[in-house]
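Residue-level structure breakdown
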Amino acid sequence: MNAAPPVKIATTNSAVLSFVEDCRKLFAPGAVHWCSGSQAEYQHLLHRMVQMGTALWLDPDKRPNSVIVRSDPADVARVEDQTFICSVSESDAGPTNNWANPGKMKVTLERLFDGAMMGRTMYVIPYSMGPIGSPIARIGIMVTDSAYAAANMHIMTRVGDEVLKALGDNTDFVRGHHTVGVPLKRQTWADEPWPCNTTKYICHFPETREIWSFGSGYGGNALLGKKCHALRIASVQARDEGWLAEHMLILKLTNPEGQSKFIAAAFPSACGKTNLAMVIPTIPGWKAETIGDDICWMKFGADGRLYAINPETGFFGVAPGTSRETNLNAMKTLDANCIFTNVGMTDDDDFYWENMGEDPPPHLTDWLRRSWSPASGRPAAHPNARFTAPAAQCPVIAKEWDDPKGVPIDAILFGGRRASVVPLVSEALSWQHGTFLGATMASEKTAAAAGKIGDVRRDPMAMLPFCGYHMGDYFQHWLDIGEKGGSAMPKIFYVNWFRKSADGKFLWPGYAENSRVLKWIFERCDGADNAVETPIGRLPADGALDLDGLDVPGEDLAELLKVDVEGWKGELPSIREHFATFGDKLPAGLREELAALEQRLG
Ligand code: GTP
Ligand code: SPV
Ligand code: MN
């Protein structure tokens, strides 16, 4: 079981073969392994990680086929400062991206990658983002010397021979290069449990559809199908080809009459996508099912509507805070076949993290591999600890989740963590106004990326770290798509689960209770007369939000649903400042919306 399956190359595509051969020559791995996507191969990867000291088995009776991995303490999140868009023209990147000259960056990367895989196995991973054969899906080939990245790709994407077969002789695939950047000069040298390099580069070459990632083994830095391909490269392809690649969950909501709507929602990293995607409505008769929890690709169908697919096959979810109370469906998804990264490990070989809804055990081993007790005064899990879980194991996965034609989107939600000003929910007055709401949304920074937590930053469409081209052009693309779709476009809403009282407590219970807001949105989509027009958009009319059985004080509800005119006026200068950073690339439509908002606020 532990031996590497024999190398078999299931393609004669010369573009694929020469890409892999070029990588082999430069990176100088000790061996090359073409991933077939088989279960035996996945088992081999897990055993390999355990043998290297990267992973530990969880109790096979309680958590079959699951491991815990602890990363290097300095490699725990995406590194936005070291993430580059290397477009030919500088004006195709920025101001939200780090740009680097592609020619110069290639020189830097080729030096770093030269011999970088010495003594390691280079895994060749053909993967499909989206159901194989879907008109919305795309193929990539990734090479990596990380068994952890390869095992995660197995869960997160469709991997292996069937992908090569679907690709055939086509040369249109994204080329991904990944190394942890720690060559083993002699094969006998002891390896580290989590090799990584203090030098890190996450580079994207949009024109040639290439990704080069050096030095990190973690999540969005290393699972190249995810943020690097499915958002940064795909957003450029989407601009070129007239579709949308977005940082959104997708859910299916069904009312008591059995009618369904599909909702996509963009919240910044660690702001509630996985939770909303698996929400269990508290309102009798309503049902929610999951399509995806992080990424959404939308293309126009023959009927002129936007159809969405989840390009992934797994969830790379935030562990801390996930509990049977907050997200029962996620907890049930974690019963088997999962990878847990940077969580605590109990003495009986199970996982533990903060706010898991159980009392912590008296003793465990924390994510830093140290002895831990509740009196230690530090968290057992890193705040950005993650689980990697197969989507098919989610008890409420919708039957449409892997439908190649996708699902028609009825509503798009934007939202972030805002302690003040932004109400619980509002509806945009038009597609252009909705684009304005997305373009100006802001959120408190979380642990999902390196840097200071809690600072409020503008995070347009939750794409700040993920847009692969100039954000001003991206806004224009949103407006163009809206123009093209006309009246068939989804309605846009702005939500905020994170309003706080003066003493810092959440005013809204959130989680399952967010279904009440979803119900109002559902009814808006059906044209119900349940809203009032205000200067900032349409808000629930008196009594329109179903609050039956909800225990929230009246004054808190009033605060959650009020239009804070002074607060919004106070936002205007910072919106103007934000817009100024886009120079002449700021679409006229957004300038109009700002002026109109100013006027409506009086
Ligand atoms: P990424 O995977 O980084 O893209 O994050 P995500 O958007 O999927 O966020 P996720 O659902 O994992 O939630 C992140 C954190 O927000 C967790 O600690 C949750 O417990 C918390 N959270 C989610 N929904 C709510 C909510 O409605 N209210 C409050 N107060 N917290 C929430
Ligand atoms: C996020 O940060 O938005 C994530 C985790 O979903 S990562 O894969 O690291 O990007
Ligand atoms: Mn995300």
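Below or above, wherever it landed, is the structure these notes cover. (Residues numbered from 1 in each chain as written. Chains lettered and ligands numbered in written order. Predicted model: local features only at pLDDT ≥ 70, side-chain atom pairs only at ≥ 80, totals over all residues. Heavy atoms only, no water.)

1. What about the site of ligand 2?
In the vicinity of ligand 2, the contacting residues are Arg78, Gly219, Gly220, Lys226, Lys227, His247, Ser269, Asp294, Phe316, Arg386, Ala448 and Phe466. Arg78 places a polar side-chain atom, nitrogen or oxygen, 3.0 Å from an oxygen atom of ligand 2. Note that an oxygen atom of ligand 2 is positioned 3.4 Å from one of the side-chain N or O atoms of Asp294. Calculation on ligand 2 without its partners gives an accessible area of 290 Å², and the protein chains cover 98% of this total. Those elements that place two or more of their residues in the shell around ligand 2 are helix H6 (219–222) and helix H7 (225–241). Its residues assigned to classes, the shell around ligand 2 shows three nonpolar, four polar and five charged. Per-domain counts for the shell around ligand 2 show at least three residues from each of domain 1 (14–54 + 75–242) and domain 2 (245–312 + 399–601). (Near = heavy atom within 4 Å. Polar contact = N/O pair within 3.5 Å; in protein donor to acceptor, adjacent residues only side chain to side chain. Areas by Shrake-Rupley, 256 points an atom, 1.4 Å probe, with all protein chains shown as cover. Helix = DSSP H or I, 4+ residues; strand = E, 2+ residues; numbered from the N terminus. Nonpolar A, V, L, I, M, F, W, Y, C, P; charged D, E, K, R; others polar. Domains from an automatic or database assignment.)

2. Thoughts on the pairing of strand S17 (residues 306–309)
With burial as the criterion, each face of S17 is covered, one bearing Leu306 and Ala308 and the other bearing Tyr307 and Ile309. Bridge analysis of strand S16 (residues 296–300) against S17 gives four bridges, and the strand direction is antiparallel. Bridge pairing in S17 links Trp297 to Ile309. The turn joining S16 and S17, which pair antiparallel and follow one another in sequence, is formed by five residues; a positive phi near 85° is taken by Gly304. (Buried < 20%, exposed > 50% of the residue type's maximum accessible area, 1.4 Å probe, protein only. Pairing = 2+ DSSP bridges.)

3. Details of the site of ligand 1
For ligand 1, the set of nearby residues contains 22 residues, the closest of which are Ala270, Lys273, Asn275, Arg386 and Tyr511. The backbone of Gly272 places a nitrogen or oxygen atom 2.9 Å from an oxygen atom of ligand 1. Interatomic distance of 3.0 Å between a side-chain N/O atom of Asn514 and an oxygen atom of ligand 1. For ligand 1, whose accessible area on its own is 660 Å², the fraction buried by protein is 92%.

4. Section: the packing of helix H10 (residues 431–440) against helix H15 (residues 588–601)
In contact at an axis separation of 9 Å, H10 and H15 are set at 90° when each is read in the N-to-C sense. In this view, H10 runs roughly perpendicular relative to H15, as classed from their interaxial angle. Judged by residue contacts, Gln432, His433, Thr435, Phe436 and Ala439 of H10 engage Gly589, Leu590, Glu592, Glu593, Leu594, Leu597 and Arg600 from H15. Along the lines of polarity and charge, the residues of the contact of H10 with H15 split into five nonpolar, four polar and three charged. (Axes fitted to C-alpha atoms, helices over the stretch in contact; angles between N-to-C directions. Parallel < 35°, antiparallel > 145°, perpendicular 65-115°, else oblique. Contact = heavy atoms within 4.5 Å.)

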